[in-house]
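Tertiary structure, described
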Amino acid sequence: MIRVRGESSYLPTTASFFGARWRAASPHRSLVSGFHGRRKRTRKAHESRRHGGSIIERGCAVWIAILEGFRACWFTYLLLFLTDIGLSPRDAAVVMLSGQVADGLATIFSGELIDRFGHFKVWHLAGSVLVAISFSSVFGGCIPCNIFGSHSLTMETIGYSAFAAIFNVGWAATQVSHMSMINCITLNSTSRVVLASCRNAFTMVANLSLYAVAGIVFTTTSSNTHDDIENQYRWIAYLSIAVGCCFVGIFHLGTREPRLKANACVDNQARISWDYWFKKVLYYQVALVYVLTRLVVNVSQAYLAFYVINDLRMAQSAKALVPAIIYVCSFFVSVMLQEVAWTGQRLKAYYSAGGILWVFCGAAIFLLPRNMSSFIYVLSIFIGVANALIMVTGVSMQSVLVGEDLNGCAFVCGSLSFLDKISCGITLYILQSYQTTSSETQGDLATDAYVSVSRFGLGLVPAFCSLVGVATTYTMNLHPQNLKSTLVPLLE
């Protein structure tokens, strides 16, 4: 039996079995009576979970959902917004890269401090404040330009880059603390995958809300001038912040810190050294799969709006409708994945299915001619399914890697996020560096598919990353002992 010191209840489905074992092995009636009292408290906790689910589970999902809504807006519309207001594709890439570098460095720093001191909610609150302030400053106009009275392209690039860096520092604090929190809520491997799928499902809800707002704004307002474009994105940003603040308040009022982290610190005062992870082959395999997964999702998200507007020449509303279809499908798949009894082989199989699906979608996107633009709606369904499969299983592989080593879980999440941010920033910068040249060679072909940066970013790059991710997953050895079901409750 695996038991975490200080825990006051067990999963009710195993209580009877261990109660019999305890009574048979112990000559002391006091121990038996104490155990029965513990079983009563277990049934009460079970009723709470049965009628409403774990408060921490729901709070975690709400927490990350709204922040992912900010992130969706960031990757989907930032490059498009910056180029629409007059920045060159390379300058827009500099803004994105500055944010990604700041994010990558902040994840390492946040992971180290969270492993040392804990307090997930404190990190979340501080990060949320930075995200709200900087998000409104980026999409609300160039504040440094107004302060210094200069609206030159250089000043705009510097101003947007500064607030992009602040936004990503805040995002790093919230993301690392949340992903670490998942591992500290429960040691049960299936429960961790359920939490990951719940996280992904609520992320889809937040993103759908964002794209609904964006669709209304793009449909009802004009975008003829520089000021019109800024007003469009300003409305989207302010509405997102207002909703986000409400749900941040719900999270802080409705959840409390998970106790497994505190118990792990009591059991073992020494933190796990970084060398411990660097000596594990599984660490490098999980890191590669996670980075490739994030590249698939983030790069495709960044070029989706460019693709439907510039390549397929669809209506302005399409840059909100197409992403919305993707997230609707991802939501339903994420919900269904919560019902799966997870093993190492199933994690690998589901990830491979999502990766292979993305390979076919990427090839179709790359070759899709403009006169068949409506076919993108069909592709969006399959992209949504593929995104859910690879994201839920890719994140869950981190939990398999962490296992019960909770004193190092924040470093694992932080280091993998660092690699994710830096690789994503560099990839987007390289692609954007060729954006002007590609745009000049697009021509007016209506029936032939032509090569553009958007087709590379939305088609070939995700397809290639998915293929490499599937190959890496095949080499993984997810040991059964890393996936064992342990007797730790979700709700304390």
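Structure's up top.
First, a word on scope: everything that follows refers to the structure included in this document. What you are looking at is a predicted structure, and each value in this text was computed from that prediction instead of being measured.

Topic: helix α15 (residues 376-402)
- In a regular helix each residue adds 1.5 Å, so 27 residues correspond to 39 Å; α15 covers 39 Å between its end C-alpha atoms and thus fits that length.
- Among the 27 residues that make up α15, 22 are buried, leaving the element largely enclosed by the rest of the structure.
- G403, located one to two residues past α15, shows a positive phi value of around 60°.

Focus on unusual backbone geometry
- Unusually for a residue other than glycine, R313 sits at a positive phi of about 55°.
- If you trace the backbone, R313 turns up in the loop between α12 (281-311) and α13 (318-337).
- Judged by its relative accessible area of 45%, R313 falls in the partly exposed class.

A look at the nonpolar core
- Residues W74, L82, F139, Y233 and Y303 are the most contacted members of the largest nonpolar core, which totals 105 residues.
- Excluding its chain neighbours within four sequence positions, the residues that come into contact with W74 are M96, F135, V138, F139, A164, F167 and N168.
- Core analysis: the second largest hydrophobic core is formed by eight residues, L113, W123, A173 and V176 among them.

Side note on the packing of aromatic side chains
- Overall, the coordinates contain 15 aromatic pairs when judged by the stated rule.
- Considering the side-chain rings of Y77 and F218, the 5.6 Å spacing of their centres and the 75° angle between planes classify their relative orientation as edge-to-face. Of this pair, Y77 sits in helix α3 (residues 55-84) while F218 sits in helix α8 (residues 189-220), placing them 141 residues apart in sequence.
- Judged by relative accessible area, which is 5%, F218 ranks as buried.
- Look at F135 and F139: their rings are 5.2 Å apart centre to centre, the planes differ by 55°, and that puts the pair in the tilted class.

A short note on the packing of α12 against helix α16 (residues 409-433)
- In the contact formed by α12 and α16, the axes pass within 9 Å of each other and the chain directions differ by 40°. In terms of their interaxial angle, α12 and α16 are classed as oblique. Seen from above, α12 lies across α16 with right-handed handedness. Together, Y283, V286, A287, Y290, V291, R294, L295, N298, V299, A302 and Y303 of α12 and F411, S415, L416, S417, L419, D420, S423, C424, T427, L428, L431 and Q432 of α16 make up the contact between the two elements.
- Counted by class, the contact of α12 with α16 contains 15 nonpolar, six polar and two charged residues.

Criteria and cut-off values
Residues numbered from 1 in each chain as written. Predicted model: local features only at pLDDT ≥ 70, side-chain atom pairs only at ≥ 80, totals over all residues. Heavy atoms only, no water. Helix = DSSP H or I, 4+ residues; strand = E, 2+ residues; numbered from the N terminus. Expected span 1.5 Å × (residues − 1). Buried < 20%, exposed > 50% of the residue type's maximum accessible area, 1.4 Å probe, protein only. Core = buried A, V, L, I, M, F, W, Y, C linked by side-chain atoms within 4.5 Å. Contact = heavy atoms within 4.5 Å. Phe/Tyr/Trp six-rings, centres within 6.5 Å; stacked < 30°, edge-to-face > 60°. Axes fitted to C-alpha atoms, helices over the stretch in contact; angles between N-to-C directions. Parallel < 35°, antiparallel > 145°, perpendicular 65-115°, else oblique. Left-handed = near helix turned anticlockwise from the far one by under 90°. Nonpolar A, V, L, I, M, F, W, Y, C, P; charged D, E, K, R; others polar.

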